[in-house]
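Analysis of the macromolecular model
Read off the chains here:
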Amino acid sequence: MKISPAKENILKRIRNALSQPVPLPFPQSEGNSPVFAPPPENLDVHFAETFVKLNGKFVYCEDVQTFGKQFFTLCHQQGWKQVLCRENHLRTWLAPDTLPHVSSMATISIAPDMALDQIEVALTGCECLVARTGSVVLSAGQPSGRMPSVFAPVHVVVAFADQLVWDIRDALQLMKEKYGESWPSMCTLHTGPSRTSDIEKTLVMGAHGPREMYVFLIDQPLPH
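Residues numbered from 1 in each chain as written. Predicted model: local features only at pLDDT ≥ 70, side-chain atom pairs only at ≥ 80, totals over all residues. Heavy atoms only, no water.

Notes on the overall build of the protein
To keep things clear, this is the line we draw: Going along the chain from the N terminus, every DSSP run of H or I of four or more residues is numbered as a helix, and every run of E of two or more is numbered as a strand. For every residue, the accessible area (1.4 Å probe, protein chains only) is compared with the maximum for its type, and the residue is labelled buried under 20%, exposed over 50%, or partly exposed between those bounds. Pairs of residues are marked as contacts when any of their non-hydrogen atoms sit within 4.5 Å. Residue burial considers only the protein chains on display, and all accessible areas are found by Shrake-Rupley using a 1.4 Å probe.
For the protein, the count of helices and strands is six helices and twelve strands. The buried share among the 224 residues of the protein stands at 38%. For the protein, contacts bridging at least 24 residues in sequence account for 76% of all contacts bridging at least 6. Here the protein displays about 13,400 Å² of accessible surface, and carbon together with sulfur accounts for 55% of that area.

Shown next, in the form of structure tokens:
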């Protein structure tokens, strides 16, 4: 098949172009000069500020006992009675023998299973917190699984100081170190409560998930 001179000219220019090194469009992004600013000194402060700007609610706790007391106080203030929690260690920290002085405990049910229409709050842990974007990383590898963080109108996350990372790539590295080659079937970033403006550009909270999201950050390493 004979190729026309015009087409041959085009192919020649393409071959010449492919033989030349391609310049990077953003050379400053390579090497030791990251695109984004380096992490701040206090990741917890940066995460809290970013998360609150996204309509999330942040609570700082000195230890596990403080978390338990503040969680029951929040439940009492909001009138929550039915809390779904599938993580044994979280239920243990909220047990009566752990927090004997919290009077509102008897009126609140914290159970590993309940009907979807009964759930008022889902209480879960997380894989980590991404400070730069104010995101919570969740996965199907956690005891809570996929369902609680989606179906409950309120999602309460418990995290620890050593679960704070700066960027998403740091979160992925943390996940890789934890799971190796056996990654969970689902890994998601929750950046504040669910919201959408798809309908007439009106912001609607809780359209595809929880309308409220809380993060309790405990200033201790994650217990093992």
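A look at the nonpolar core
For the record, the criterion: What makes a nonpolar core is a set of buried Ala, Val, Leu, Ile, Met, Phe, Trp, Tyr and Cys residues whose side-chain atoms join them at distances within 4.5 Å.
By size, the foremost hydrophobic cluster in this structure holds 27 residues, and its most contacted members are F67, F71, W80, L123, V156 and F216. Of all the elements in the fold, those that place two or more residues in this core are β1 (57-61), α3 (64-78), α4 (88-93), β4 (121-124), β7 (154-160) and β12 (212-218). Here this core takes six residues from α3, the largest share from any one element. With residues near it in sequence (within four places) discarded, F71 still touches V83, L94, I110, L123, V156 and F216. In terms of nonpolar packing, the next biggest core, distinct from the first, is built from 14 residues, F51, C126, A131 and V157 among them.

What about the environment of F216?
Positionally, F216 belongs in strand β12. Along the chain, F216 and F71 lie 145 residues apart, while their C-alpha atoms are 8.5 Å from each other.

Structural notes on the side chain of H155
In this fold, H155 is placed in strand β7. Other than its neighbours up to four places away in sequence, H155 contacts A122, T124, L138, S149, P210, E212, M213 and Y214.

Digging into the sheet that holds β4
Quick reminder of the rule: Paired strands, in this sense, are two strands between which DSSP finds at least two bridges. Here an axis means a line fitted to C-alpha atoms, over the contact stretch when the element is a helix, while the angle between two N-to-C directions is reported on a 0 to 180 degree scale.
Reading across from one edge, β1-β12-β7-β4-β2-β3 is the order of the six strands in this open sheet, with parallel pairing throughout. Looking at which strands have only one partner, the edges of the open sheet turn out to be β1 and β3 (109-111). Shown here is a sheet whose adjacent strand axes are inclined to one another by a mean of 20 degrees, direction ignored. When strand β2 (residues 82-84) meets β4, the two strands line up parallel, connected through two bridges. Opposite V83, over in β4, you have V121 as the bridge partner. The sheet contacts of helix α2 (residues 43-53) involve β1 and β12, and relative to β1 the element is tilted by about 155 degrees. Strand contacts of α3: β1, β2, β3, β4, β7 and β12, with the helix running at about 160 degrees to β12, the strand carrying the most contacts.

Examining a nonpolar patch on the surface
Worth spelling out the cut-off: Only residues above 30% relative accessible area that lack a salt bridge enter a patch, with like-charged residues linked at up to 9 Å and the nonpolar side chains Val, Leu, Ile, Met, Phe, Trp and Tyr linked at up to 5 Å. The working definition used for a salt bridge is a side-chain nitrogen of Lys or Arg within 4 Å of a carboxyl oxygen of Asp or Glu.
On the surface, I10, L11, I14 and L18 cluster together to form a nonpolar patch covering roughly 380 Å² of accessible area. Tracing the sequence through the fold places L18 in helix α1 (residues 5-18).

That's the geometry; what it means functionally is another story.
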